Amino acid sequence: MEWNARRLDVIEPSPTLAISAKAAELKKKGEDIVSFGAGEPDFETPAHIKEAAKKAIDKGQTRYTAVSGTVELRDAIITKFKRDNGLEYSRNQIIVGTGGKQVIYNFFLATLNPGDEVVIPAPYWVSYADIVRLAEGKAVIVPTSKADNFRISPAQLEKAITPKTKVVVINSPSNPTGSAYSRKELEALGEVVLKHKVMVLSDDIYESIVFDGFQFSNLAMLSPELKELTFVANGVSKAYSMTGWRIGYGAGPLHIIQNMDTIQSQSTSNPSSISQAAAEAALTGDQACVAEMAKAFQKRRDLIVGLLNEIPGVEVNVPQGAFYVFPYLTGVYETDGFKKLQAASSETSKSKLFCAQLLDKYKVAAVPGIAFGDDNALRLSYAMGEDDIKKGVSRISEMVRDFSR
Ligand SMILES: Cc1ncc(COP(=O)(O)O)c(C=O)c1O
């Protein structure tokens, strides 16, 4: 008897969640670990949002809701799109899911047929490719480089599109690099999208965490024609420090939302009614908390980029948003110490080898770049206090120094 479903052959457990779990386990055992692994803000969920959830429980909002989310929350999402993006949607063009991840999962399940291609610029959020494969699609990975600030060019996109292409993924600001596309850059990509009439998954989950006055845009905002081809995924996890509440949402063409609703009705049904009440308070309440968190992240970005720049052999990009940096280790890989480590190991991925040594010997958790499609780098999440950033980077620096001895 073949006990395992074959669909498992095409996916792996999320490496980011695995590393965060390992770091948490070591911490619990009493080890002094600095974890740059987690993909979540470290702030408390703002008090007015928690209050709304408590009130929802007391008022008895503890039952099933409509599969796509309560009318109140969907209306709050409509208001958010108008306020922040100038986008108009009707209620039946909105779906609420159990986190942005489920929304993206259901989008691909509702859109792809076997063999349909999805263009994913690398480095990419780990789940896109695995979800596409689970949905029997083909992930077409397009590498981008540090020199281009990890952004796909219109020419690269044009080259990647085939008659089988159905969806192009744009994640701006990006996990894992923090790079973001300006309106002008999106306009150029939009021309290619319109020419080939492919769909866009615009993953805007880091929309509100942008730095130095960066103006966020997405493809749906550029023209009614592009809006018709764009599915926007977003959520409250990152903007309001609500990762555990599990509320994400999506907006797009009616037929896609209806199909996603059908799929969701046969899997999780509605997301938690209490979390929905909290998300409604988040989206309609005072937005000052969002700007405050973004400001704190900018300060930490400046700190970590400055510290990493001082390490010989490490080259770091300057992120425009999110809370990750993606430093290149190509100089470190050239050191005698690293080469010796490599010779003594059966691990073929350099970034995996680097991260394993970093955790075992120097007690720092980071995610190998290969998990995001680029073995030259590692991803550091700086969603932590400034003292921990200093401590963690100084340990990375110590490891690199030891390699060069
Ligand atoms: C790029 C990106 N998209 C979507 C998500 C999904 O977040 P959630 O499911 O918490 O809403 C994440 C979370 O790490 C992410 O980094």
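Remember, it's a predicted structure, so these values are computed and weren't measured experimentally. The written sequence of each chain sets the order in which its residues are numbered from 1. In keeping with the predicted nature of the model, local features appear solely for residues at pLDDT of at least 70, side-chain atom pairs appear and are counted solely at 80 or more, and the whole-chain, interface and lining totals rest on all residues. Excluded from the side-chain calculation are hydrogens and water; included are all heavy atoms of the structure.

Student: Just to check I follow, could you spell out helix α11 (residues 288-309) for this structure?
Tutor: Helical periodicity: at 3.6 residues per turn, an α-helix aligns residues three or four positions apart in one direction. Strands here mean DSSP runs of E at least two residues long; helices mean DSSP runs of H or I at least four residues long; both are numbered from the N terminus. An expected span of 1.5 Å times one less than the residue number is assigned to each helix. Its 22 residues give α11 an end-to-end C-alpha distance of 32 Å, which sits within 8% of 32 Å, the value for a rise of 1.5 Å per residue. Each residue is assigned to one of three classes by its accessible area relative to the maximum for its type, calculated with a 1.4 Å probe on protein chains only: buried under 20%, partly exposed between the two thresholds, exposed over 50%. Cys289, Val290, Met293, Ala294, Phe297, Arg300, Arg301, Leu303, Ile304, Val305 and Leu308 are the residues of α11 that are buried. Those residues of α11 that are buried are in contact with α2 (47-58), β9 (324-325), β12 (378-381) and α15 (386-404). Two residues form a contact once any of their heavy atoms are found within 4.5 Å.

Student: Whenever I open this one, the site of the ligand confuses me. Can you help?
Tutor: Close to the ligand lie 13 residues, the nearest being Gly100, Asp203, Tyr206, Ser237 and Lys238. We define a polar contact as two N or O atoms separated by no more than 3.5 Å, with the added condition that, inside protein, one atom must be a possible hydrogen donor and the other a possible acceptor, whereas residues neighbouring each other in sequence contribute only through side-chain atom pairs. Within the backbone of Lys101, one N or O atom sits 3.0 Å away from an oxygen atom of the ligand. Here the shell around the ligand gets three residues from one element, more than from any other, and that element is helix α4 (residues 99-111). Across the shell around the ligand, the residue classes tally to four nonpolar, five polar and four charged. A cutoff of 4 Å decides nearness: a residue is near a molecule or strand if any of its heavy atoms lies inside that distance of it. Think of it as three bins: nonpolar holds Ala, Val, Leu, Ile, Met, Phe, Trp, Tyr, Cys and Pro, charged holds Asp, Glu, Lys and Arg, and polar takes everything else, Gly as well.

Student: When you look at the domain arrangement of the protein in this model, what are you seeing that I'm missing?
Tutor: Each domain span listed reflects an automatic or database assignment of domains. Each assigned domain of the protein is listed with its residue range as follows: domain 1 (6-44 + 289-404) and domain 2 (52-284). Its C-alpha centre places domain 1 at a distance of 26 Å from the equivalent point of domain 2. With 38 residues of domain 1 at the interface, the matching set in domain 2 holds 33 residues. When two components associate, each loses some accessible surface as probed by a 1.4 Å sphere; the sum of these losses over both components is called the buried area. Looking only at domain 1, the three residues that lose the most surface to domain 2 are Val290, Gln320 and Phe372, adding up to 22% of its buried area. Think of a salt bridge as a Lys or Arg side-chain nitrogen and an Asp or Glu carboxyl oxygen that are within 4 Å of each other. For the interface between domain 1 and domain 2, the tally reads two salt bridges. Measuring nitrogen to oxygen at the nearest pair gives 3.6 Å for the salt bridge that ties Lys146 to Glu315. Inspection of the region where domain 1 meets domain 2 yields 16 residue pairs in polar contact (both at pLDDT 80 or more).

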